[in-house]
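Here is how the chains run, residue by residue.
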Amino acid sequence: MESFLGRYRNLIILVLVLFLQVLGLAVQVKTGAGEKAETRLIRMWAASAITPFERAVVWVQTSTGNLWHNYFYLRGVRAENRQLKEQIEQMRLEQVRLTEDAAQARRLQTLLSFKEQFVSKTVAAQVIGTAGSDLSRMVYIDKGENSGIGPDMAVITSDGIVGKVLLAGPNESRVLLISDQTSGVGAILEKSRLQGVLRGSAGGEVMLERVMSDEQVQPGETVLTSGGDQIFPKGLPVGTVTRVSSGKDLFLDIKIKPAANLAKLEEVLVLTEKQERQAVAEGPGRVRAADILAQRLPSVPDKPAETPAATGTAASSSGPANATPKPNPPVAGSPAGAAKSASGNSALRPTSTGAAAPKTTSYSSEAPKPKPVNPAASEQKPPKPLIVEQKPVPVAPSADTPQPPQDNNSPQ
Amino acid sequence: MPITYTSGEQLEVYRFSIPVTIGVPLLALVVQAYVPKYFPGFAAYVDLPLLVTIFFAMARRNPIAGLITGAVIGLFQDLLGHNPIGIYGIAKTVVGYGASSLGVKLDLENAGARLLVTLGFYLVHSAVYFTVARGLVNSTQHWSLPQGILAGIVNGVIGVLLYFMLDRFKQRT
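Residues numbered from 1 in each chain as written. Chains lettered and ligands numbered in written order. Predicted model: local features only at pLDDT ≥ 70, side-chain atom pairs only at ≥ 80, totals over all residues. Heavy atoms only, no water.

Draft legend 1. Up close: the overall build of chain B. For chain B, the count of helices and strands is seven helices and two strands. Ordered by position from N to C terminus, the α and β elements of chain B give β-α-α-α-α-α-α-α-β. As displayed, chain B offers around 7500 Å² of accessible surface, 70% of which is attributable to carbon and sulfur atoms. (Helix = DSSP H or I, 4+ residues; strand = E, 2+ residues; numbered from the N terminus. Areas by Shrake-Rupley, 256 points an atom, 1.4 Å probe, with all protein chains shown as cover.)

Here is the structure:
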């Protein structure tokens, strides 16, 4: 017996070590430990051993880069500054238009008693490392529980969603990317309003699943979060459709190019607080001077006699409201409609067909004109109804989600 | 005594200082976790912890030391990911045992032999990893042989360079 143990000692120890690891795997699979409490502590210890080095490397790299870019390499800064100033001017004009759109959407949400989910607090964090394996697509960030980060919090960049917090330690967290096979995000196609589930593939691609093969999905279509996963607020950009092919089980294979560059993440935002509240229309305190002016000056006459009962909810406004002979009715949730209502005269806006189409420069010259039938201004006129037709909408619209014109009413 | 290319008495057994024993695997894990932040393909084609496992196992020529080195490095790698702990551990345990057993019988000091051994063990590692992942954990991860061979060659080339660098830390027993 002793000679047997001595002769096969190495092999016995190998089998023993393998057996222990298989046993550990079996326990994890049976209890579904994965990232749960059973392995949480030991995973955090391992991360604590690695992340200080990664932090140091990131710090050195950032410091060197900052020193170079902020003090030495300043070539082209003047030109860039001038360009940025022009960009700010353009964005200010765009902001005015978007504010109108958002205000109108909020009013409609109030009328329809929708609840909106909005991001109330975020924490900026820096990506300091990865899992080091293409079979485990996740990154480490340099903020943890001490910064208010917890599991299942959404992680985004200014371009789009990135993933969710899987595990949060005191000073670092693990973020599961949307390209991982085990991730799942509720998503919706912007134009067709088809909903699906976003998953990562084995090759690291992002796929939209659970869309029936008889649906029409076009490459180039934008994908947004649907809010159905209770992690990501609705309306955040996910990416664009790059390829559509028929898959198995009557579903389409839709490949998505993520809006955020998951391959080179530097800084991210963690949504530490999101609130759900009843949409509240803005009060008269937010009305612009131009709107008040438009209210006082003579405008296109309303016909209150035709819509005496339509001043209440949207449901009661379907009949007579549609017959209101307004030349520029504010179209619910439609950027075109909002743009019209802001400018007051569609003839002054030749390209008011979408959110991106109108030239903001022409908008700025038209905005102060005393003719607009502004939504805010129209809301203050008691007899004037807001035209909303109750059509079945697949998902609740929010201020972040542009609605297709066909989902809303159009002048008849 | 089995017939080998080099007799056991002629082979030198090396040991390493404690800082090297701890620091080199730790550095390999840090680099493996950090570089994919800028080069995502790095994680798909390079496995530095595996190369370090093979190097230490072959240099020590002790199967028990080799399998323990592999198990520790592999388990640590598992801890950094989100998959169940033990998949990399099992794969690297097998590789550590195999590399040290081979090191007992063969002299693996030249570059060609090292490249071939690294390529072979990379394929063994991948095969064990995916077998365990699919068989025990019910993972849907798939393995591509052409990509595996390409990654094995890449690892072999990097391994040869790395081994020559790490040879400086060898200490004769």
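Draft legend 2. Just the interface of chain A and chain B, in detail. Between chain A and chain B, the residue contacts involve 49 residues of the former and 43 residues of the latter. In this assembly, chain A packs against chain B so that about 3800 Å² is buried in total across both faces, 66% of it on carbon and sulfur atoms. When the buried area of chain A at its contact with chain B is split by residue, Gln21, Leu25 and Leu135 of chain A rank highest and sum to 16% of it. If you look at where chain A meets chain B, you find zero salt bridges. (Contact = heavy atoms within 4.5 Å. Buried area = accessible area lost by both parts, 1.4 Å probe. Salt bridge = Lys/Arg side-chain N within 4 Å of Asp/Glu carboxyl O.)

Draft legend 3. Inspection of the packing of aromatic side chains at higher detail. By the definition in use, this model includes nine aromatic pairs over all chains. Where Trp68 of chain A meets Tyr73 of chain A, the ring centres are 5.7 Å apart and the plane angle is 15 degrees; that geometry is what we call stacked. Residue classification places Tyr73 of chain A among the partly exposed positions, given a relative accessible area of 39%. Look at Tyr88 of chain B and Tyr129 of chain B: their rings are 4.6 Å apart centre to centre, the planes differ by 45 degrees, and that puts the pair in the tilted class. Separated by 41 residues along the polypeptide, Tyr88 of chain B in helix 5 (residues 87-105) and Tyr129 of chain B in helix 6 (residues 111-135) bring together distant segments of the chain. Looking at Tyr129 of chain B, the relative accessible area reads 1%, which means it is buried. One Lys or Arg, Lys170 of chain B, reaches over the ring of Tyr14 of chain B and ends 4.4 Å from the middle of that ring. (Phe/Tyr/Trp six-rings, centres within 6.5 Å; stacked < 30°, edge-to-face > 60°. Buried < 20%, exposed > 50% of the residue type's maximum accessible area, 1.4 Å probe, protein only. Lys NZ or Arg CZ within 6 Å of the ring centre and 35° of its normal.)

Draft legend 4. The arrangement of the pattern of salt bridges in detail. Counted according to the given criterion, the structure contains 13 salt bridges over all chains. Between Arg199 of chain A and Glu209 of chain A there is a salt bridge, with its nearest N and O atoms 3.3 Å apart. Taken together, the residues Arg199 of chain A in strand 7 (residues 195-200) and Glu209 of chain A in strand 8 (residues 206-209) connect sequence positions ten residues apart. In this structure, Asp167 of chain B engages Arg114 of chain B in a salt bridge whose closest nitrogen and oxygen atoms are separated by 3.0 Å. Of this pair, Asp167 of chain B sits in the loop between helix 7 (145-166) and strand 2 (171-172) while Arg114 of chain B sits in helix 6, and the two are 53 residues apart along the sequence. Via salt bridges that share partners, Arg61, Glu109, Arg114, Asp167 and Lys170 of chain B belong to a single interconnected network.

Draft legend 5. Structural detail: helix 6 of chain B. The end-to-end C-alpha separation of helix 6 of chain B is 35 Å, in line with the 36 Å expected for 25 residues at 1.5 Å each. Regarding helix 6 of chain B, its N-cap is Asn110 of chain B, as a side-chain oxygen of that residue lies 3.2 Å from the backbone nitrogen of Gly112 of chain B further along. (Expected span 1.5 Å × (residues − 1). Polar contact = N/O pair within 3.5 Å; in protein donor to acceptor, adjacent residues only side chain to side chain.)

Draft legend 6. Expanded view of the pairing of strand 2 (residues 138-141) of chain A. Residues and elements named next belong to chain A. Of the two faces of strand 2, both are covered, the one formed by Met138 and Tyr140 as well as the one formed by Val139 and Ile141. Bridging between strand 2 and strand 5 (residues 173-177) involves four bridges; their strand directions are antiparallel. Across the sheet, the residue bridging to Val139 is Val175, located in strand 5. (Pairing = 2+ DSSP bridges.)

Draft legend 7. Region of interest: the sheet that holds strand 10 (residues 237-246) of chain A. Residue and element names in this part refer to chain A. Taking strand neighbours around the barrel as the criterion, the six strands line up as 6-7-8-11-10-9 in a closed arrangement whose pairing is antiparallel. When the angles between neighbouring strand axes are averaged without regard to direction, this sheet yields 45 degrees. By the bridge criterion, three bridges tie strand 6 (residues 185-189) to strand 9 (residues 222-225) in an arrangement that is antiparallel. Residue Leu189 lies in a different strand from strand 9, and its bridge partner there is Val223. (Axes fitted to C-alpha atoms, helices over the stretch in contact; angles between N-to-C directions.)

Draft legend 8. Local environment of the confidence of the model for chain B. Put simply, chain B has an average pLDDT of 87, and 94% of its residues get 70 or more. Here the prediction assigns the complex a pTM of 0.67, and the interface score ipTM is 0.86. (pLDDT = per-residue confidence, 0-100.)

Draft legend 9. Representation of the packing of helix 3 (residues 48-60) of chain B against helix 6 of chain B within the structure. Residues and elements named next belong to chain B. Between helix 3 and helix 6, the shortest axis-to-axis distance is 11 Å and the interhelical angle comes to 120 degrees. Put simply, helix 3 runs oblique to helix 6. As for the relative orientation of helix 3 and helix 6, their crossing is right-handed in sense. Touching Leu50, Leu51, Ile54 and Met58 of helix 3 are Val117, Thr118, Phe121, Tyr122 and His125, all from helix 6. Among the residues making up the contact of helix 3 with helix 6, the classes are represented as seven nonpolar, two polar and no charged. (Parallel < 35°, antiparallel > 145°, perpendicular 65-115°, else oblique. Left-handed = near helix turned anticlockwise from the far one by under 90°. Nonpolar A, V, L, I, M, F, W, Y, C, P; charged D, E, K, R; others polar.)

Draft legend 10. Main features of helix 7 of chain B. All names here are of chain B. A rise of 1.5 Å per residue sets the reference length of helix 7, with its 22 residues, at 32 Å; its end C-alpha atoms lie 29 Å apart and thus fit the reference within 8%. For helix 7, the complete set of buried residues consists of Gly148, Ala151, Gly152, Asn155, Gly156, Gly159, Val160, Leu162, Tyr163 and Leu166. Of the surrounding elements, those touching the buried residues of helix 7 are helix 1 (18-34), helix 2 (41-45), helix 3 and helix 6. The backbone nitrogen of Gln147 has a side-chain oxygen 3.4 Å away, supplied by the residue at the start of helix 7, namely Ser144.

Draft legend 11. Structural view of a nonpolar patch on the surface. Residues and elements named next belong to chain A. Together, Phe4, Leu5, Tyr8, Leu11, Ile12 and Val15 make up an exposed nonpolar region whose accessible area comes to about 520 Å². In terms of residue count, helix 2 (residues 9-31) provides more of the nonpolar patch than any other element does, three residues in total. Turning to its location among the elements, Phe4 is positioned in helix 1 (residues 2-7). (Patch = residues over 30% accessible without salt bridge, like charges linked within 9 Å, V, L, I, M, F, W, Y side chains within 5 Å.)

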